[in-house]
Amino acid sequence: MVDRLPRRNCLSFALFCVLPSLYVQVMAVPVQKRAQQEWSQSSQWLYGAMTARFEDHAGKYAAALDTMADVAVQSGEYDALEYGFGLAWDTRDFARAEKIARAWLGAFPKDDAARLALLRVLLADGRSNEALGHMQALLEQDGGPQMVAQVFRALADLPDGAARLDLLQQLSGQFPKNPYIFYYLGLMAKEQGKVTFAVDAFDRAIALDGNWRELELMQAQVLASIGKLQEARKVMDKMTTRYPQDTNVLSAYVDMLAAHYQWQDALPLALRWQELQPHDSAVRQLVAQLYASAGNFPAASQAFRELLDARRIDLNSYLFFVANAAERAGQTDTAVSMLGKVSKDSTRYLQAQEQLALLAFRRGAYDSAQTRFAALRQDFPDDAQVLDTYLIEAAQLQQAKQWKRLETLLQEALARYPDQVDLLYVLAEYHAARGQIEDAAAQFAKILAIDPANIDALNAYGYLLLTQTDDAEKAAQLIEEAIKLYPDSPAIQDSYGWLLFRQGKMEEALSWLRRAYAAYRSNEISAHYIEVLYATGEKALAQEVYRYERQGQPDNTPLKEIGKKLKLNDDKKK
């Protein structure tokens, strides 16, 4: 592991330095006057340290730890303590790691590394109260950004997310004038979906340090991530006024607007960015892509042509990008013509052929689309690419509700790749969409038998039971198991939030759905978030989120359904 290298190199250097000094010391003292016990202890430490190092290099970490642990504590040498702690930590021997860390801190009570080592052990063992005292001691000694960052990173060793947030909150109370603590408190709250909490923490940090641009950016990004784009834009408008030539601010604002499908509004900012960095091809390409996304085909085509003439992109990339711009502008014939010109020996050829197949799907030309995918499987026989084409084709057939075609395709794919879990997952979804719940459940169970760690299948199985059966108890069991195993998955967060919503736990549901929405806004996640916002009284925010999500995801069926259910299309506010 990378973090072992500095310890080993440091110890190697220490040993190199100690050997001559010990030799000189021994040679300089007459034999009859040597302190035999002192020499024996030094010799024992040196021998033990070298033995541990050799065993470590040989991959015998347990043996190295056995040799080093007692030597480190008995010697009291800094390098030995640091090295011994590293071995104990890497082998997850927390009892020994704690023993060494306490000896290290006892020998060097003002050393930050020693206290941080003990802090990590305490946090990993869940001893939050004792850990808090050491965090306080570290920050009293040094409350600067680097130390606060190290304490924040150490908190990752505490398994309980709520306890991590509570510790930071206690630190913010003990150090109310430290903006860095409030910054990290906001970050952690954001990660846990406590967005109101995060915004408040960022506000406190800004009040303490009003010249912290990164903090204002974070505040705006948090607001945008939960759909409060208008509030986020107010923050960003002020920043671009104060710092009109700060490309980091411009870049963040463009990214924010583009992520929320506000391409036309992002263009003036991107053009200003381009004026500041006229030779940056990435910025020029961004401008061209924004024109394309906004449906301005003439401007996009010209911008891509300028990139081609300047040799910033090759001909095949130009054809591919312009074809996408034509498609966005509704000029399908032009898109087909441009994609058809992409050279077969180009790296863009596979993408171009897939795009042609997708265009055929959108026109309802299913025979043509499937013929193209079949040809791709002949032209690109690599298993990974073949599997990808099956999955893309299946997704299109499922969206178009071409059930017979999808059934035939899955039979072909599974004959070629029996028990391939991604294909079995699609088969389960096919059965679920057809109302064949027992068959869908059987496929999910089969996936879990093949791959017990397949969290997606565990989650999807639970969601199926939750939404299409009366077995709420089994559904809750599966979804709760999934969220414990993988709490950072947006899909699982969405299922868990929906479960809580169905159980009437509105605020908890909203917290989890905010986390899911902030990370991934496609499929049902946006619709679930909008519905729970509406149900908890945040109707204006629900309308705002719905408005731009429908703009960016016009084919999202769950979004269409929630708009109809809540009559969001009838709202005339803009």
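Here's the deal with unusual backbone geometry
The backbone of Lys401 sits at a positive phi, close to 60°, despite the residue not being glycine. In this fold, Lys401 is placed in the loop between helix H22 (383-399) and helix H23 (403-416). Owing to a relative accessible area of 58%, Lys401 belongs among the exposed residues under this scheme. For Asp419, which is not a glycine, the phi torsion comes out positive at approximately 60°.

Remarks on the environment of Lys539
Take Lys539: it is sitting in helix H31 (residues 539-552). Residue Lys539 is classed as partly exposed on the basis of its relative accessible area of 46%. Linking Lys539 and Leu568, residues 29 residues apart in sequence, is a C-alpha distance of 9.5 Å. Other than its neighbours up to four places away in sequence, Lys539 contacts Leu533 and Tyr534.

Observations regarding the packing of aromatic side chains
For the structure on display, the rule yields 20 aromatic pairs. Taken together, a centroid distance of 6.1 Å and an interplanar angle of 40° make the contact between Phe361 and Phe373 tilted. Here Phe361 is found in helix H20 (residues 349-362), whereas its partner Phe373 is found in helix H21 (residues 366-379), with 12 residues between them in sequence. Each member of the pair, Phe361 as well as Phe373, is classed as buried. On the numbers, 5.7 Å between centres and 75° between planes, the contact of Tyr425 with Phe444 is edge-to-face. Of this pair, Tyr425 sits in helix H24 (residues 421-433) while Phe444 sits in helix H25 (residues 437-450), and the two are 19 residues apart along the sequence. Judged by relative accessible area, which is 23%, Tyr425 ranks as partly exposed.

Some details on helix H6 (residues 112-124)
When the terminal C-alpha atoms of H6 are compared, their 18 Å separation across 13 residues agrees well with the 18 Å that a helix rising 1.5 Å per residue should span. Within H6, 10 of the 13 residues are buried, which leaves the element mostly enclosed by the surrounding structure. Within H6 the residues assigned to the buried category are Ala114, Arg115, Leu116, Ala117, Leu118, Leu119, Val121, Leu122, Leu123 and Ala124. Contacts made by the buried residues of H6 are with helix H4 (78-90), helix H5 (94-107), helix H7 (128-141), helix H8 (145-154) and helix H9 (161-174). You can read the cap of H6 off the contacts: a side-chain oxygen lies 3.2 Å from the backbone nitrogen of Ala113, and it is on Asp111. Looking one or two residues past H6, Gly126 carries a phi angle of roughly 80°, positive in sign.

Describing helix H32 (residues 557-565)
Along H32, the positions that sit buried rather than exposed are Leu559, Ile562 and Gly563. Angularly, the buried residues of H32 cover 105° about the axis, an arc narrow enough to put them on a single face. In H32, the exposed positions that point more than 90 degrees away from the buried face belong to Glu561, Lys564 and Lys565. Sitting at the head of H32, Asn556 places a side-chain oxygen 3.2 Å from the backbone nitrogen of Leu559. Among the residues trailing H32, Lys567 stands out with phi positive, at a value near 55°.

As for the confidence of the model for the protein chain
Residues with a pLDDT of 70 or more make up 86% of the protein chain, whose mean pLDDT is 86. Considering only residues more than four positions removed or in separate chains, one finds that residues 1-61, a stretch of pLDDT under 50, has 60 contacts.

Remarks on the pattern of salt bridges
Within the structure shown, the criterion is met by 17 salt bridges. We note a salt bridge from Glu130 to Arg102, for which the minimum N-O separation is 2.7 Å. Here Glu130, found in helix H7, pairs with Arg102, found in helix H5; they are 28 residues apart in sequence, far enough to count as distant. Residue classification places Glu130 among the partly exposed positions, given a relative accessible area of 30%. Residue Arg102 is classed as partly exposed on the basis of its relative accessible area, which comes to 35%. Here Arg127 ties to Glu130 by a salt bridge, and the two come within 3.8 Å at their closest N and O atoms.

Observations regarding the packing of H4 against H6
Helix packing for two helices is described by the angle between their axes and how far apart those axes are. Close contact between H4 and H6 brings their axes to 11 Å; oriented N to C, the two are set at 20°. When the interaxial angle is binned, H4 and H6 end up roughly parallel. For H4 against H6, the interelement crossing comes out left-handed. For the pair H4 and H6, contact is made by Tyr78, Phe85 and Trp89 and by Ala113, Ala117, Arg120, Val121 and Ala124, respectively. Class assignment for the residues of the contact of H4 with H6 results in seven nonpolar, no polar and one charged.

Details of the packing of helix H16 (residues 281-293) against helix H18 (residues 315-328)
Running from N to C, H16 and H18 cross one another at 30°; their axes reach a closest spacing of 8 Å. In terms of their interaxial angle, H16 and H18 are classed as roughly parallel. Residues Gln285, Gln289, Ala292 and Ser293 of H16 form the contact with H18, whose participating residues are Phe321, Ala325 and Arg328. When its residues are assigned to classes, the contact of H16 with H18 shows three nonpolar, three polar and one charged.

About the cut-offs
Residues numbered from 1 in each chain as written. Predicted model: local features only at pLDDT ≥ 70, side-chain atom pairs only at ≥ 80, totals over all residues. Heavy atoms only, no water. Helix = DSSP H or I, 4+ residues; strand = E, 2+ residues; numbered from the N terminus. Buried < 20%, exposed > 50% of the residue type's maximum accessible area, 1.4 Å probe, protein only. Contact = heavy atoms within 4.5 Å. Phe/Tyr/Trp six-rings, centres within 6.5 Å; stacked < 30°, edge-to-face > 60°. Expected span 1.5 Å × (residues − 1). Polar contact = N/O pair within 3.5 Å; in protein donor to acceptor, adjacent residues only side chain to side chain. Arc of directions from axis to C-beta. pLDDT = per-residue confidence, 0-100. Salt bridge = Lys/Arg side-chain N within 4 Å of Asp/Glu carboxyl O. Axes fitted to C-alpha atoms, helices over the stretch in contact; angles between N-to-C directions. Parallel < 35°, antiparallel > 145°, perpendicular 65-115°, else oblique. Left-handed = near helix turned anticlockwise from the far one by under 90°. Nonpolar A, V, L, I, M, F, W, Y, C, P; charged D, E, K, R; others polar.

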